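Results of the structural survey
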Amino acid sequence: MCSLYDKSRLKYFTGLSLLLVAIVLIYKYEVSLNNNVMFLPPTWHHWFGTDVIGNDVFLKAIYALFVAVVTIAIVLPAIYIGGLIVGILVSYFDNPKLREFFLNLVHYWVTLPVLLIAVFLLILVGAGQGNVIGILIFVLIPSHSLYVYNQMEEAKKQDFVIAKRSYGFSKGYIFSHHLFPYVKNSFNTYTLSRMPEILMMDLAFNFLGLGVQPPHSSFGRMLFDGLSFMFSAWWMWVFAVILVILLFVLINSIVMSILKKEEEVRYG
Amino acid sequence: MNERMQKRVIYRIVFLALTVLVIPLVPIVIIFAGVSSPEYVIKGTLNMDLSQMQAVSYWKIYSSFLRNIICFDWGTSTASGQSALSIVSSGMLESLKIIIPSIIISYIIGTLIGIWAEKSKKANSIWNKSQFIFYIPMIVISYLMLYFLSFVGVDFLSNVKYVAAMIALSVYPVYVITNALKKTLQELGSSDFLVFHMALGFSTDEIWEKFCYKFIVIDYLSFFENMLIFMIGFLFFVETPFGIHGMGYKFVIAIQRFDYPVIIGFCIFGITLLSIVGLIVEAIKLKLDPRLTSV
């Protein structure tokens, strides 16, 4: 499905990750030996400088990167599975009333300001990255299931599905052996293409202070904290900005390479 | 109004009503489940004029909240003492100064880039290579612009802040419109529809004028709702850095002060506004697009 699964690339990513972990561990040990000074610009001992209470900005940025990656790693499979189950169930039990209700509900849901609703729910359940992840899953599943449903309905019209039906194959068999494999690839791509959206929402929640709580950090929180020191302590936000850009560019390149692969498979 | 339209409208109204019914449950949970700070519980109690909270039934509290919400009386801000409605409406007026030009700019620039990329192969290749720029979150763009403005000596507290915020807000919509327009142009250019009408004796220009522009307008209308959702949702990403006292900025302040009446006010306002916009857009689409009514 994805060039990321290529062995050479996988080795490259694993090696790079291990190197990063090793650097961070050594750096953390070195930093712990120093007395941290507040508002220190980038130096040899503090690569990204220090913040208003003397925390090392490099370590904060690495932690924020970790939080962003973990959030994606949890939300993406969860919405994939949730969307798949709901979408398939609605398509499988083709009760017209139920279907109409579901479609209208999802259409209504996707026209709502999902971010506002998510913030509203977050205030209700309390701040914290765990809650952010849970609410992200909750608000993103409906549109995901709608995608699966639409794909399934389109697949049902294909000649091979009609032929299988006429042979007398059971509905369950057709769903598991023909419809699911048919929609799987485009659904994988659609799920991966939502990575920027997830990251953006995560950034928004943390910017509002509803995600990771101090003393831990996140990109959103770092950007918000950096706003007050935009001109006096540029290092408090510049490195966060650079890492966010790199993360989005990386995600974009992954999504694009997958789209390209899929197009090659589909159109030759 | 045809049957399909009627059903859609009814469903939307029913779901909107359900949303309004659910929202008053939230403050009750906040108060009784102890989610909020005790300070808010006291202020909330005073706001509702419920001096003996324990003795009052849940239903009375719920119905009181519901009545207030329906009457657009969202209480007073626990931080400033102003009415939540006035905070929301003043914020909206300020935000409209950014949202309306952003929508117009997004459509114009998106259309121009889309046509340009479709007409020239070189332009298309440049567009494909530079797409990642549009993926960059608007908060990052806002920060960079703010720093750049300060660096070149522009007073970013003047009206320039509106222009900068507008640009930051329209980056992603431009990307969406360009890609969608490109796709529509490609599909229309290679469609049976075009070949069929050419066979009937219509010239290409005539076909475009009579049918294709209409499809593009319908397409644009479909983005409008999503674009508004996106812009209202992420407004605080541009308003907070530039210090524009619009809805987004006030929303951030309200969240940091745990100012629940204002937060609830913003949420109800956002949901109601976008539901109404959705209904209007759908009605226009059904009126314009014969494909929707004939199926």
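Every residue gets a number counted from 1 within its own chain, in the order that chain's sequence is written. Note on labels: chains are lettered from A, ligands numbered from 1, in written order. For this predicted model, a pLDDT threshold of at least 70 governs which residues receive local features, and a threshold of 80 or more governs which side-chain atom pairs are given and counted, while totals over whole chains, interfaces and linings are taken from all residues. The side-chain quantities take in all heavy atoms of the structure and omit both hydrogens and water.

With that settled, the discussion passes to the overall build of chain B. Each helix is a run of H or I in the DSSP string that is no shorter than four residues. Each strand is a run of E no shorter than two, and both are numbered from the N terminus. Tallying secondary structure elements over chain B gives 15 helices and 0 strands in all. Each residue is assigned to one of three classes by its accessible area relative to the maximum for its type, calculated with a 1.4 Å probe on protein chains only: buried under 20%, partly exposed between the two thresholds, exposed over 50%. Expressed as a percentage of the 295 residues in chain B, the buried residues total 49%. Contacts are residue-level and defined by heavy atoms, with any inter-residue pair within 4.5 Å sufficient. Partitioning the intrachain contacts of chain B with sequence separation of at least 6 by distance along the chain shows that 73% fall at a separation of at least 24. Within the structure as shown, chain B displays about 14,800 Å² of accessible surface, and the carbon and sulfur contribution to it stands at 67%. Reported accessibility uses the Shrake-Rupley method at a 1.4 Å probe radius. Residues are deemed covered only where the shown protein chains occlude them.

Right, let's get into the overall build of chain A. When its secondary structure is counted, chain A shows 10 helices and 0 strands. If one aligns the C-alpha atoms of chain A with their principal axes, the spans along those axes are about 75 × 45 × 25 Å. The proportion of buried residues among the 268 residues of chain A is 50%. Excluding contacts between residues fewer than 6 apart, the proportion of contacts in chain A whose partners are at least 24 apart in sequence is 69%. Asp and Glu are treated as the negative residues and Lys and Arg as the positive ones, with His and the ends of the chain left uncounted. Note on charges: their place is set at NZ of Lys, CZ of Arg, CG of Asp or CD of Glu. Charge centroids of chain A, computed over 18 positive and 15 negative side chains, lie 8 Å from each other.

The next thing to look at is the packing of helix H11 (residues 204–233) of chain B against helix H14 (residues 260–288) of chain B. All names here are of chain B. At a minimum axis distance of 10 Å, the contact between H11 and H14 shows a crossing angle of 175 degrees. Between H11 and H14, the angle is such that the two are roughly antiparallel. Contact residues: H11 offers Lys214, Val217, Ile218, Leu221, Ser222, Phe224, Glu225, Leu228, Ile229 and Ile232, while H14 offers Leu273, Leu274, Val277, Gly278, Val281, Ile284, Lys285 and Leu288. Residues are grouped as follows: Ala, Val, Leu, Ile, Met, Phe, Trp, Tyr, Cys and Pro are nonpolar; Asp, Glu, Lys and Arg are charged; all remaining types, including Gly, are polar. The class makeup of the residues in the contact of H11 with H14 is 13 nonpolar, 2 polar and 3 charged. Axes here refer to lines fitted to C-alpha atoms; in helices the fit is confined to the stretch in contact. Angles between the N-to-C directions go from 0 to 180 degrees. Angular relationships are summarised with four words: roughly parallel below 35 degrees, roughly antiparallel beyond 145, roughly perpendicular across 65 to 115, and oblique for the angles in between.

Looking now at helix H8 (residues 138–151) of chain B. Residues and elements named next belong to chain B. How far a helix is expected to stretch is found by multiplying one less than its residue total by 1.5 Å. For H8, built from 14 residues, the straight-helix expectation of 20 Å at 1.5 Å per residue is met to within 8% by its first-to-last C-alpha distance of 19 Å. Among the residues of H8, Met138, Ile139, Val140, Ile141, Ser142, Tyr143, Met145, Leu146 and Leu149 are the ones counted as buried. Residue Gly153 follows H8 closely and has a positive phi angle near 85 degrees.

We now examine the environment of Tyr162(B). Residues and elements named next belong to chain B. Mapped onto the secondary structure, Tyr162 falls in helix H9 (residues 160–189). Considering only alpha carbons, one finds Tyr162 and Leu273, 111 residues apart in sequence, at a separation of 23 Å. For Tyr162, the contacting residues outside a window of four places in its chain are Glu94, Lys97, Ile98 and Ile244.

Turning our eyes to something else, we now look at the nonpolar core. Residues Met201(A), Phe205(A), Phe219(A), Tyr143(B), Phe234(B) and Phe237(B) are the most contacted members of the largest nonpolar core, which totals 157 residues. Ignoring any residue separated from it by four or fewer positions in sequence, one finds Met201(A) in contact with Val114(A), Leu115(A), Leu136(A), Val139(A), Leu140(A) and Phe234(B). Throughout, nonpolar core names a set of buried Ala, Val, Leu, Ile, Met, Phe, Trp, Tyr and Cys residues whose side chains join them through atoms within 4.5 Å. Met152(A), Ala155(A), Leu179(A) and Phe187(A) belong to the second largest nonpolar core, which has 11 residues in total.

Turning next to the confidence of the model for chain A. Residues with a pLDDT of 70 or more make up 94% of chain A, whose mean pLDDT is 85. The pLDDT value expresses, per residue, how confident the predictor is, ranging between 0 and 100. Across chain A, the secondary-structure element scoring lowest on mean pLDDT is helix H1 (residues 7–33) of chain A, at 78, and the one scoring highest is helix H2 (residues 57–92) of chain A, at 92.

Time to look at the interface of chain A and chain B. Counting residues at the interface gives 39 residues for chain A, matched by 49 residues for chain B. Roughly 4,400 Å² of surface becomes buried between chain A and chain B when both sides are summed, with 80% attributable to carbon and sulfur atoms. Any pair of nitrogen or oxygen atoms within 3.5 Å is treated as a polar contact; in protein, a donor-acceptor pairing is required on top of that, and neighbouring residues in sequence qualify only through side-chain atoms on both sides. Across the chain A-chain B interface, the total number found is 4 residue pairs in polar contact (both at pLDDT 80 or more). Of all elements in the fold, only helix H3 (96–110), helix H4 (114–125), helix H8 (195–207), helix H9 (219–227) and helix H10 (235–267) of chain A reach the threshold of two or more residues within the side of chain A that touches chain B. Looking at which element gives the most residues to the side of chain A that touches chain B, the answer is H10(A), with 8 residues. Of the residues belonging to the side of chain A that touches chain B, the class tally is 34 nonpolar, 4 polar and 1 charged. Buried area: the accessible area, evaluated with a 1.4 Å probe, that two parts lose upon being put together, summed over both parts.

On to the packing of aromatic side chains. Each aromatic ring pair is specified by the distance between its two centres and by the angle formed by the two planes. We call Phe, Tyr and Trp rings a pair once their centres come within 6.5 Å, taking the six-membered ring for Trp, and we label the pair stacked below 30 degrees between planes, edge-to-face above 60, and tilted otherwise. Scanning all chains against the criterion turns up 41 aromatic pairs over all chains. Aromatic pair Trp237(A) and Tyr147(B): ring centres 5.3 Å apart, planes at 65 degrees, arrangement edge-to-face. Of this pair, Trp237(A) sits in helix H10 while Tyr147(B) sits in helix H8, each in a different chain. With relative accessibility at 2%, the residue Trp237(A) sits in the buried group. Clustering of aromatic rings is evident, with ring pairs tying together Phe207(A), Phe224(A), Trp127(B), Phe134(B), Tyr172(B), Tyr175(B), Phe230(B), Phe234(B), Phe236(B) and Phe237(B). Criterion for a charge above a ring: Arg CZ or Lys NZ at most 6 Å from the ring centre, at most 35 degrees from the ring normal. The ring of Tyr92(A) is capped by Lys171(A), whose NZ or CZ atom sits 4.8 Å from the centre of that ring.

Quick look at the environment of Phe242(B) now. Secondary-structure assignment places Phe242(B) in helix H12 (residues 236–242). Separated by 85 residues in the primary sequence, Phe242(B) and Leu157(B) place their C-alpha atoms 7.4 Å from one another.

Residues and elements named next belong to chain A. We define a salt bridge as a contact between a side-chain nitrogen of Lys or Arg and a carboxyl oxygen of Asp or Glu at a distance within 4 Å. In this structure the tally under the stated criterion is 6 salt bridges over all chains. Salt-bridge contacts for Lys60 lead to Asp51; the nearest nitrogen and oxygen are separated by 2.9 Å. Like Asp51, Lys60 is buried. Arg194 is the salt-bridge partner of Glu197, the closest N and O atoms lying 3.1 Å from each other.

All right, on to the confidence of the model for chain B then. All names here are of chain B. Here chain B averages 81 in pLDDT, and 86% of its residues register 70 or above. Across chain B, the element-wise mean pLDDT spans from 48 in helix H3 (residues 38–48) up to 92 in helix H5 (residues 84–119). Across residues 36–43, confidence stays below pLDDT 50; counting only partners more than four residues off in sequence or on other chains, it has 10 contacts. This complex was scored by the predictor with a pTM of 0.85 and an ipTM of 0.83.

Here we take up a nonpolar patch on the surface. Judged by side-chain polarity, Tyr12(A), Phe13(A), Leu16(A), Leu19(A), Ile23(A), Trp44(A), Trp47(A) and Leu250(A) come together as a nonpolar surface patch covering roughly 850 Å² of accessible area. Broken down by element, the residue count for the nonpolar patch peaks at 5 residues, all from H1(A). Patches were defined on residues exceeding 30% relative accessible area and lacking a salt bridge, with like-charge contacts within 9 Å and nonpolar side-chain contacts (Val, Leu, Ile, Met, Phe, Trp, Tyr) within 5 Å.

Residue and element names in this part refer to chain A. As for its placement among the helices and strands, Ser145 is situated in helix H5 (residues 129–156). Overall, the relative accessible area of 1% leaves Ser145 in the buried class. Only 2.7 Å separates the side chain of Ser145 from the backbone oxygen of Pro142, close enough to count as a polar contact. Non-local contacts of Ser145, meaning those with residues more than four positions away in its chain, are made with Gly83, Val86, Gly87 and Phe102.

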